[in-house]
Amino acid sequence: MKKGAWTEQAACRGTDTEIFFPATPAEEAEALSICASCPVRAQCLGYAVRNRETYGIWGGTTPEQRRRMRRERAA
Ligand code: SF4
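Going along each chain's sequence as written, the residues are numbered from 1 onward. Since the coordinates come from a predicted model, pLDDT governs what is reported: local features require at least 70, and pairs of side-chain atoms require 80 or more to be given and counted, while whole-chain, interface and lining totals use all residues. Water and hydrogen atoms were dropped before computing side-chain values, which therefore reflect all heavy atoms in the structure.

Section: the site of the ligand
Near the ligand the following residues occur: Ala10, Ala11, Cys12, Phe20, Ile34, Cys35, Cys38, Arg41, Cys44, Ile57 and Gly59. Within the residue set of the shell around the ligand, elements represented by two or more residues are α1 (25-36) and α2 (41-50). In this classification, Asp, Glu, Lys and Arg are treated as charged, Ala, Val, Leu, Ile, Met, Phe, Trp, Tyr, Cys and Pro as nonpolar, and every other residue, Gly included, as polar. When its residues are assigned to classes, the shell around the ligand shows 9 nonpolar, 1 polar and 1 charged. Residues are classed as near a molecule or strand on a simple rule: at least one heavy atom within 4 Å of it. Secondary structure elements follow DSSP: runs of H or I no shorter than four residues count as helices, runs of E no shorter than two count as strands, and numbering proceeds from the N terminus.

Focus: the nonpolar core
The biggest cluster of nonpolar side chains holds 8 residues, and these are Trp6, Ala10, Cys38, Val40, Cys44, Tyr47, Ala48 and Trp58. Ignoring anything within four residues of it in the chain, the contact list for Trp58 reads Lys3, Cys44, Leu45, Tyr47, Ala48, Glu53 and Arg66. Within the second largest apolar cluster, 6 residues are counted, among which are Ile19, Ala31, Ile34 and Ile57. What is meant by a nonpolar core is a set of buried Ala, Val, Leu, Ile, Met, Phe, Trp, Tyr and Cys residues, joined one to another through side-chain atoms within 4.5 Å. Burial here depends on accessible area, computed with a 1.4 Å probe over protein chains only, as a share of the maximum for the residue type. Under 20% is buried, over 50% is exposed, and the range in between is partly exposed. The contact definition used throughout considers only heavy atoms, calling two residues in contact when any of these lie within 4.5 Å.

Observations concerning unusual backbone geometry
The backbone of Arg52 sits at a positive phi, close to 50°, despite the residue not being glycine. Residue position: Arg52 is located in the loop between α2 and α3 (63-74).

Thoughts on the pattern of salt bridges
When a carboxyl oxygen of Asp or Glu is within 4 Å of a side-chain nitrogen of Lys or Arg, the pair counts as a salt bridge. With the rule as written, the count across this model stands at 2 salt bridges. Between Arg67 and Glu64 there is a salt bridge, with its nearest N and O atoms 3.2 Å apart. Residue Arg67 and its partner Glu64 are both found in helix α3; the two are separated by 3 residues, about one turn of the helix. Classification of Arg67 as partly exposed rests on a relative accessible area of 34%. In this structure, the salt-bridge partner of Glu64 is Arg71, at a minimum N-O distance of 3.5 Å. Linked by salt bridges that have partners in common, Glu64, Arg67 and Arg71 make up one network.

Dropping the structure here:
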C-alpha cells in the first residue's frame with residue numbers, strides 16, 4: 001500500500017531502518033527517540049494502525065502498544 005507524501009518528512013528517512021525492527025532494548029530506545037521528534041508521527045501511527053503493522057516501531061509506538069490501542073478501540 002502506498003504510504004503517502006508524509007514519508008518524505010519522516011525523521012527516520014535515511015537512517016538505519018534496522019533499529020526500527022529492534023533486536024535489543026537499546027535499539028528500541030534509539031528508534032523511539034527518533035520518532036519523538038518526527039513531524040509526521042501521527043500520520044505514521046495512523047498508517048501502522050490502519051494496516052495492522054505487526055512488527056517494528058511506527059509512530060513512536062511498539063507493536064505491543066499498538067495491539068493495546070486496537071483492543072481499546074474495539075472495546
Ligand atoms: S514516527 Fe518514527 S517510524 Fe514513523 S516516520 Fe517518524 S521517525 Fe519514522
